[in-house]
Amino acid sequence: MDIRSLYAAQRYAATLPAMTPQPGTGTGTVKETFAAAAEEFQQTLLQAETTASAAMTGDADPHALVQALAQSELAVETVVTLRNKVVEAYQEILRMPV
């Protein structure tokens, strides 16, 4: 693991504790949960894109750019891992004898 991934993981853990349930969560359907996660993912990428554009024009500091890129990198890695787990579970279901 390189230092960027470690830093991104530490920042993500500091902003969104993984083991602490958020108030009001857990009451929606699976569809609502996935919709909320997709919306949060989209907002993370949009924020990173906005920060990158601002940094190119000189309106954002480099630290904000690095932080936004690290958050977006972690979000993409999380989504890819989740997708891989879903595909793996689906393939396992297909292999089950009926």
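Our structure is the block above this text.
Note that the coordinates shown come from a computational prediction; the quantities given were computed from them, not determined experimentally. (Residues numbered from 1 in each chain as written. Predicted model: local features only at pLDDT ≥ 70, side-chain atom pairs only at ≥ 80, totals over all residues. Heavy atoms only, no water.)

A. Here's a closer look at the overall build of the chain. Of regular secondary structure, the chain possesses three helices and zero strands. Sequence-ordered secondary structure for the chain, helices as α and strands as β, is α-α-α. Taken across its 98 residues, the chain has 11% of its residues classed as buried. If you sum the accessible surface of the chain, you get close to 8,000 Å²; carbon and sulfur atoms cover 65% of it. (Helix = DSSP H or I, 4+ residues; strand = E, 2+ residues; numbered from the N terminus. Buried < 20%, exposed > 50% of the residue type's maximum accessible area, 1.4 Å probe, protein only. Areas by Shrake-Rupley, 256 points an atom, 1.4 Å probe, with all protein chains shown as cover.)

B. Here's a closer look at helix 2 (residues 30–56). Spanning 27 residues, helix 2 covers 39 Å between terminal C-alpha atoms, matching the ideal 39 Å at 1.5 Å per step. What helix 2 keeps buried is the set Ala48, Thr51 and Ala52. On its buried face, helix 2 sits against helix 3 (62–95). Once helix 2 finishes, Gly58 follows within two positions and takes phi at roughly 90°, a positive value. (Expected span 1.5 Å × (residues − 1). Contact = heavy atoms within 4.5 Å.)

C. Highlighting the packing of helix 2 against helix 3. It is the contact of helix 2 with helix 3, at a shortest axis distance of 9 Å, that shows an interaxial angle of 150°. As the angle between them shows, helix 2 and helix 3 are arranged roughly antiparallel. Viewed along their axes, helix 2 and helix 3 form a crossing whose handedness is left-handed. Of helix 3, the residues touching helix 2 (which contributes Phe34, Phe41, Thr44, Leu45, Gln47, Ala48, Thr51, Ala52 and Ala55) are Ala64, Leu65, Ala68, Gln71, Ser72, Ala75, Val76, Val79 and Leu82. Class assignment for the residues of the contact of helix 2 with helix 3 results in 13 nonpolar, five polar and no charged. (Axes fitted to C-alpha atoms, helices over the stretch in contact; angles between N-to-C directions. Parallel < 35°, antiparallel > 145°, perpendicular 65-115°, else oblique. Left-handed = near helix turned anticlockwise from the far one by under 90°. Nonpolar A, V, L, I, M, F, W, Y, C, P; charged D, E, K, R; others polar.)

D. Spotlight on helix 3. Between its first and last C-alpha atoms helix 3 spans 49 Å; for 34 residues at 1.5 Å apiece the expected length is 50 Å, and the two agree. All of the buried residues along helix 3 are Gln67, Ala68, Ala70, Ser72, Leu74 and Ala75.

E. Seen up close, a nonpolar patch on the surface. Taken together, Val30, Phe34, Leu82 and Val86 make up a surface patch of nonpolar side chains, about 400 Å² in accessible area. Residue assignment for the nonpolar patch shows that the elements contributing at least two residues are helix 2 and helix 3. On the secondary structure map, Phe34 appears in helix 2. For Phe34, a relative accessible area of 49% gives the class partly exposed. (Patch = residues over 30% accessible without salt bridge, like charges linked within 9 Å, V, L, I, M, F, W, Y side chains within 5 Å. Salt bridge = Lys/Arg side-chain N within 4 Å of Asp/Glu carboxyl O.)

F. The pattern of salt bridges, seen in detail. Going through the model one piece at a time under the given rule, you end up with one salt bridge. Note that Arg95 and Glu92 form a salt bridge whose closest N and O atoms lie 3.0 Å from each other. On the criterion of helical spacing, the pair formed by Arg95 and Glu92 is a turn pair, its members being three residues apart in helix 3. With relative accessibility at 55%, the residue Arg95 sits in the exposed group. For Glu92, a relative accessible area of 42% corresponds to the partly exposed category.

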